[in-house]
Amino acid sequence: MKRLLFLSLFLLATVVQALAFDYTDANGVTWTCSAESDGTATITGAADYGTEVTVPGTVYDGEQAYTTTALSGTFNGSAKIVKVTLPETVKKIEDSSFRDCSNLVSIEGTENVTSIGYQAFMNCSSFTSIDIPLITTIDGAAFWCCSSLAVVNMPSVSVIGNQAFVSCSALKAVDLPKVTSISEDAFSDCSSLESVNLPMVTSIGNKAFYSTSITEVSLPATLQSLGYGNFGSAVKVVLGSVTPPTLATSSGYGGFSSVAILMIPEASLEAYKSAVGWNKYAGQMLSQSDVVDYDVTTTAQDNTSGLHDIIGEDNLNKVVSLKVKGTINGYDIMVLRNKMTNLHWLDLSEAHIVANPYEYYTGYHTEDNVVGACAFYHLDKLVSIKLPNSATSIDDDGVGYCSNLIEVVLPNKVVTIGSYAFGYCGKLKKIEFPPTLKNIGNNAFDNCSSLVQIELPGVETIEYDAFSGCNKIKSIRIPSTVKSVGDNAFNGSGIKDVYAYTVEPIKISQSTFSTYTTATLHIPTQSFNNYYWNTEWSQ
């Protein structure tokens, strides 16, 4: 009896054991294969291939044909391949199939793939896009550090594993119409990710969207659990679930930021305010029935605020987005500063600032067509501001220290920007200077550490420390209109190229730039000697 049982087990093991063989195709590529009794094969290795390779749909062990349905570790560690074409028979791309293929740019023939395994494309740093319309499951770390991956089409995916897209820094938008489960760290450190669509998601793991650039997100009624460390950059979160989802907390990783507005279903507002985890954000919650976007026309009043009268006392702290037309003065600016505690987006482009003796900030009152000192100073919830087109000056600290400010639109008539006018607006990425601008004051953009590019048409004077600490600016073009640039004006920047357009060097100081020895100076051909023998520029 024992002998019969042992023999049966031995025969069973023999039957289910995969058959391993090598197959060399017509192109001279040798494929290592693992075949099953059902006539299918997994390709586990390859040799003697070039930069572009086509995977065979059928492989042979002698006369026996097998259909290729999966890859597993096939090109692991190959720095050679640039393009791969799969046969329509492949359904699975299993563990480490393309791991560390640093030069792989594209893969075609993925239309029938339904699953991608662990670390399948990990560290494919040149990989730019993938179209996987039938895929339902993506395993952990599948696209870890695919830093060039910008386009992903996966309309059928329902489950995304942990760390699946960690550090995919080129990815800007993801549409996940059928996803229900997103695991821990799935999109963590996707620094360019700005939008995500999750209409059916039920669970989002810890830090799944940690350290992204998502500023607005809608979480659907299907959501049941939300991990800690998600959507920290969001300033507006719309929640669809009537019952507050389970919200994880962590002392090491925060949740929503202190500037985020949480829009809650009206009937559930009190439930969210008292729910564990959610109660921390009670002061940041508004009902979805509240009016939060306003477009108003007002007239400045001598002894009160026209804005206050139009919007109403009970609604001031519910204003999230505001466009103002007409005239405003210090009373209105005080209301904007002190009473609209949830104001994120402010458009004053069609408003006019008029003089009034009322002090909107200690020691400061409005003057005609001037964005006064400290007018919008330290408004930490402000994300975007469009200043009045009629303003000709932005005074000291006018919009300074707005720590979450991303967008600024300057007046198209502005002539002067004062000291620290935008200083320490650390999230400000871009600003366009109009040709009317002549003077940029000291420290005007001090430590705007996210500012990437500036153009200076018409500018005449750049004072000391104007762009100090703007370490992401890589090049600067100094137009012929500039007469002087002050001490440390670009100190602490990452400037690699300086373009000067005057035949005679303009006045700068010994410390205007901090990259004299590493940056390249581009000058008019006929001016070489002029710059070479100028004490400051010659550095």
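Residues numbered from 1 in each chain as written. Predicted model: local features only at pLDDT ≥ 70, side-chain atom pairs only at ≥ 80, totals over all residues. Heavy atoms only, no water.

### Details of the overall build of the protein
- Each helix and strand counted, the protein has five helices and 40 strands in total.
- By the compact-globule yardstick of 24 Å for 539 residues, the protein is too spread out, its C-alpha radius of gyration being 30 Å.
- Overall, the protein is about 105 × 75 × 35 Å in size when its C-alpha atoms are taken along their principal axes.
- Out of the 539 residues in the protein, the part that is buried amounts to 49%. (Helix = DSSP H or I, 4+ residues; strand = E, 2+ residues; numbered from the N terminus. Rg over C-alpha atoms; globule rule 2.2 N^0.38 Å. Buried < 20%, exposed > 50% of the residue type's maximum accessible area, 1.4 Å probe, protein only.)

### Comments concerning the packing of aromatic side chains
- The final tally for this structure, using the stated rule, is 33 aromatic pairs.
- Ring centres 4.9 Å apart and planes at 0° place the aromatic pair Phe 165 and Phe 187 in the stacked group. Taken together, the positions of Phe 165 in the loop between strand E14 (159–160) and strand E15 (173–175) and Phe 187 in the loop between strand E16 (181–182) and strand E17 (195–197) put the pair 22 residues apart, joining distant regions of the chain. When sorted by exposure, Phe 165 lands in the same class as Phe 187, which is buried.
- Judged by centre distance (5.7 Å) and plane angle (80°), the rings of Phe 513 and Tyr 516 are edge-to-face.
- A relative accessible area of 6% means that Phe 513 is categorised as buried. (Phe/Tyr/Trp six-rings, centres within 6.5 Å; stacked < 30°, edge-to-face > 60°.)

### As for the pairing of strand E5 (residues 58–61)
- In this sheet, strand E6 (residues 64–71) lies alongside E5 in antiparallel orientation, the contact comprising four bridges. The residue of E6 that forms the bridge with Thr 58 is Thr 67.
- Hairpin connection, E5 to E6: the antiparallel pair is bridged by two residues, and Gly 62 has positive phi, about 70°. (Pairing = 2+ DSSP bridges.)

### Quick word on the side chain of Asp 397
- The topology assignment puts Asp 397 in the loop between strand E32 (393–394) and strand E33 (407–409).
- Despite its burial, Asp 397 pairs with no opposite charge, the nearest such side chain being Arg 337 at 10 Å.
- Contacts of Asp 397, omitting those with residues within four sequence positions, involve Cys 374, Tyr 377, Ser 419, Tyr 420 and Ala 421. (Lys, Arg positive; Asp, Glu negative; His and termini not counted. Salt bridge = Lys/Arg side-chain N within 4 Å of Asp/Glu carboxyl O. Contact = heavy atoms within 4.5 Å.)

### Here we look at helix H4 (residues 330–338)
- Counting buried positions over the nine residues of H4 gives eight, a clear majority of the element.
- Considered for burial, the residues of H4 that qualify are Gly 330, Tyr 331, Asp 332, Ile 333, Met 334, Val 335, Leu 336 and Arg 337.
- On its buried side, H4 packs onto helix H3 (306–311), strand E26 (321–328), strand E27 (345–353), strand E28 (356–361) and strand E29 (364–366).
- A distance of 3.0 Å separates the backbone nitrogen of Tyr 331 from a side-chain oxygen at the start of H4, and that oxygen is part of Asn 329. (Polar contact = N/O pair within 3.5 Å; in protein donor to acceptor, adjacent residues only side chain to side chain.)

### Here's the deal with a nonpolar patch on the surface
- Judged by side-chain polarity, Phe 528, Tyr 532 and Trp 533 come together as a nonpolar surface patch covering roughly 430 Å² of accessible area.
- Assignment of secondary structure puts Phe 528 in helix H5 (residues 528–532). (Patch = residues over 30% accessible without salt bridge, like charges linked within 9 Å, V, L, I, M, F, W, Y side chains within 5 Å. Areas by Shrake-Rupley, 256 points an atom, 1.4 Å probe, with all protein chains shown as cover.)

### A look at the pairing of E26
- Strand direction decides the pairing type here: strand E25 (residues 293–298) and E26, joined by six bridges, are parallel. By the bridge assignment for E26, Tyr 294 is matched with Leu 322.
- As judged from the seven bridges shared by E26 and E27, these two strands associate in the parallel manner. Each residue of the ladder has a partner; that of Gly 326, found in E27, is Ala 351.

### Considering the sheet that holds strand E4 (residues 52–54)
- Strand order in the open sheet made by the three strands is E4-E7-E9, with parallel pairing throughout. The sheet is open, and its two edges are formed by E4 and strand E9 (106–108), each paired on a single side. Between one strand axis and the next, the sheet turns through 10° on average, direction left out of account. (Axes fitted to C-alpha atoms, helices over the stretch in contact; angles between N-to-C directions.)

### Digging into the sheet that holds strand E24 (residues 285–287)
- Pairing within the open sheet is parallel, and its four strands lie in the order E19-E21-E23-E24. Edge strands, defined here as strands with exactly one partner in the open sheet, are strand E19 (216–219) and E24. Pairs of neighbouring strands in the sheet enclose a mean axial angle of 20°, with direction left out of account.
- Here four bridges tie E19 to strand E21 (residues 236–239), and the two strands are oriented parallel to one another. From the neighbouring strand, Glu 216 faces E21, where its bridge partner is Lys 236.

### Looking at the environment of Phe 256
- On the secondary structure map, Phe 256 appears in the loop between strand E22 (246–247) and strand E23 (261–264).
- Between the C-alpha atoms of Phe 256 and Met 122, which are 134 residues apart in sequence, the distance is 29 Å.
- Those residues in contact with Phe 256 that lie beyond four places of it in its chain are Leu 226, Asn 230, Phe 231, Val 237, Leu 262, Trp 278 and Tyr 281.

### Here's the deal with the confidence of the model for the protein
- Per-residue pLDDT for the protein averages 94, and the proportion of residues at 70 or more is 97%.
- Contacts from residues 1–16, a stretch scored under 50 in pLDDT, to residues over four places away or in other chains number one contact. (pLDDT = per-residue confidence, 0-100.)

### Quick notes on a positive patch on the surface
- On the surface, a cluster of positive charge is made up of Lys 429, Lys 472, Lys 474 and Lys 496.
- Taking relative accessible area as the criterion, Lys 474 reaches 41% and is therefore assigned partly exposed. (Charge placed at Lys NZ, Arg CZ, Asp CG, Glu CD.)

### Concerning unusual backbone geometry
- A positive phi angle, close to 60°, is found at Asp 185, a residue other than glycine.
- Along the polypeptide, Asp 185 turns up in the loop between E16 and E17.
- A positive phi angle, near 60°, is found at Asn 369, a position not held by glycine.
- Tracing the backbone through its elements, the reader meets Asn 369 in the loop between E29 and strand E30 (370–371).

### Here we look at the pattern of salt bridges
- As enumerated under the stated definition, the model contains nine salt bridges in all.
- In this structure, Asp 100 and Arg 99 form a salt bridge, with 3.4 Å as the shortest nitrogen-oxygen distance.
- Its relative accessible area of 30% is what places Asp 100 among the partly exposed residues.
- For Arg 99, a relative accessible area of 26% puts it in the partly exposed group.
- Residues Asp 290 and Lys 318 are paired through a salt bridge, measuring 3.6 Å at the closest nitrogen-oxygen approach. Here Lys 318 lies in the loop between H3 and E26 and Asp 290 lies in the loop between E24 and E25, a separation of 28 residues in the sequence.
- When salt bridges that share partners are traced, they join Lys 323, Asp 347 and Glu 350 into one network.

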